[in-house]
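Architecture and fold: a report
Chain by chain, the residues run as shown.
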Amino acid sequence: LRPTVYAMSARRVLEISFEIEASTDPQTHPSRVWARQRFLCELSNTNGELNESCDGRFLATGGSDPENAKSSALFTIDTADGTVKRICGMPPGTTLGISHVQWSITNPNWISFANAPIRLWVVDIREGIPRNVYRAEEGELVTHESWWVNDQILFCGGKSPTPAVLSHVKVLNPYSGEVRIAGAGAWCPEASPSEAARLNWWHAAGSADGRWIAADNWHGDIMLF
């Protein structure tokens, strides 16, 4: 929304905003940039990951739960005044680590994040109830989720015998739980891991108009679906 980045410095959450004065003749008069730093708050229990909501009102981060030392929690930070709010704690049986914290790109109330042994979780900050939106099968790869249009979530993964991993690009509807394959991976028992990696996907991101998904593989190739 603004030319702003957020960062952690030790336990301090900082906002760094930029002002750019573009030169009309950069060959003789370079453009100028000013960076201003603003202190938002101090966090002693965060994992250091910060993600901004699509309306710019909040940051989100994961960390240890002040209400349960054996659990993780999700927090928001008000970008106006630095107020920190605990949104939810994780249920028993999950790990201490929350990662891949991401706001929906269209819904300013929804946050997705990863945990274990079940990876994909979503919480509505108005309710504060974490929901597991996709339950993987035993041995199934589920990785690198990202939000797309219509509150859909992209992720990569699949299930196959080792050592060659099958990984499709999948689209999840978190309302209904429906999952479809948008970009198929491939598995062949004769393929070496390197050969199989050319036909299976690791990261995915969708276009803002909902028409395309781009995904990469371990060789650095990028495929459009």
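Let me sum up the structure you'll find in this document. As the structure is a prediction and not an experimental result, all values here were calculated from the model.

1. With respect to the side chain of N109
You can see N109 is positioned in the loop between β8 (99–103) and β9 (110–114). With sequence-adjacent residues up to four places away left out, N109 is seen in contact with W103, V123, D124, I125 and R126.

2. Considerations on the pattern of salt bridges
Within the structure shown, the criterion is met by ten salt bridges. Ionic pairing is found between R86 and E67, a salt bridge with its closest N-O pair at 3.6 Å. With R86 in strand β7 (residues 84–89) and E67 in the loop between β5 (58–65) and β6 (68–78), this residue pair connects regions lying 19 residues apart in the sequence. Residue D124 is joined to R126 by a salt bridge in which the shortest nitrogen-to-oxygen separation is 2.8 Å. The class for R126 is exposed, based on a relative accessible area of 59%. In the salt-bridge network here, residues are joined through shared partners; they are D65, E67 and R86.

3. Looking at the sheet that holds strand β17 (residues 213–216)
Taken in spatial order, the three strands of this open sheet run β16-β17-β18, and their pairing is antiparallel. Where the open sheet ends on each side, the last strands, each with one partner, are β16 (203–206) and β18 (222–224). Geometrically, the sheet is characterised by an average inter-axis angle of 20° between neighbouring strands, direction not taken into account. The pairing of β16 with β17 spans four bridges and is antiparallel. Of the residues in β17, the one forming a bridge with H203 is D216.

4. As for the pairing of strand β13 (residues 153–158)
Remark: a regular strand shows side chains that alternate across the two faces of the sheet. Of all six residues making up β13, six are buried, and the element is well covered by its neighbours. Side chains I153, F155 and G157 of β13 all project onto a buried face; the interleaved residues L154, C156 and G158 project onto the opposite face, where all are buried too. Adjacent in sequence and paired antiparallel, strand β12 (residues 141–147) and β13 are bridged by five residues, among which N150 carries a positive phi angle near 55°. Where β13 lies against strand β14 (residues 168–172), five bridges are found, and the strand directions are antiparallel. Each residue of the ladder has a partner; that of L154, found in β14, is V171.

5. Section: the sheet that holds β9
In a beta sheet, neighbouring strands are held together by backbone hydrogen bonds and run either parallel or antiparallel to one another. An order of β8-β9-β10-β11 is seen for the four strands of this open sheet, with the pairing classed as antiparallel. Of all strands in the sheet, those with a lone pairing partner are β8 and β11 (131–134), marking the two edges. Across the sheet, the mean angle separating the axes of adjacent strands is 30° when strand polarity is ignored. As defined by bridge partners, strand β10 (residues 120–124) adjoins β11 across three bridges and the pair is classed as antiparallel. Looking at the pairing, W121 lines up with N132 of β11.

6. A look at the environment of D65
Note on placement: D65 falls in strand β5. The contacts of D65, once residues within four sequence positions are left out, are S71, S72, A73, R86 and G89. A polar contact of 2.9 Å, which involves the side chain of D65, links it to the side chain of R86.

7. Some points on the packing of aromatic side chains
Inspection of every chain in the model, using the stated rule, returns seven aromatic pairs. Ring centres 6.3 Å apart and planes at 15° place the aromatic pair F58 and W103 in the stacked group. Of the two residues, F58 sits in strand β5 while W103 sits in strand β8, which places them 45 residues apart along the sequence. For W103, a relative accessible area of 4% puts it in the buried group. Taken together, a centroid distance of 6.5 Å and an interplanar angle of 10° make the contact between F113 and W121 stacked. Across the pair, exposure class does not vary: F113 and W121 are buried alike. One aromatic cluster is present, formed by W110, W147 and Y175 through successive ring pairs.

Definitions and cut-offs
Residues numbered from 1 in each chain as written. Predicted model: local features only at pLDDT ≥ 70, side-chain atom pairs only at ≥ 80, totals over all residues. Heavy atoms only, no water. Helix = DSSP H or I, 4+ residues; strand = E, 2+ residues; numbered from the N terminus. Contact = heavy atoms within 4.5 Å. Salt bridge = Lys/Arg side-chain N within 4 Å of Asp/Glu carboxyl O. Buried < 20%, exposed > 50% of the residue type's maximum accessible area, 1.4 Å probe, protein only. Pairing = 2+ DSSP bridges. Axes fitted to C-alpha atoms, helices over the stretch in contact; angles between N-to-C directions. Polar contact = N/O pair within 3.5 Å; in protein donor to acceptor, adjacent residues only side chain to side chain. Phe/Tyr/Trp six-rings, centres within 6.5 Å; stacked < 30°, edge-to-face > 60°.

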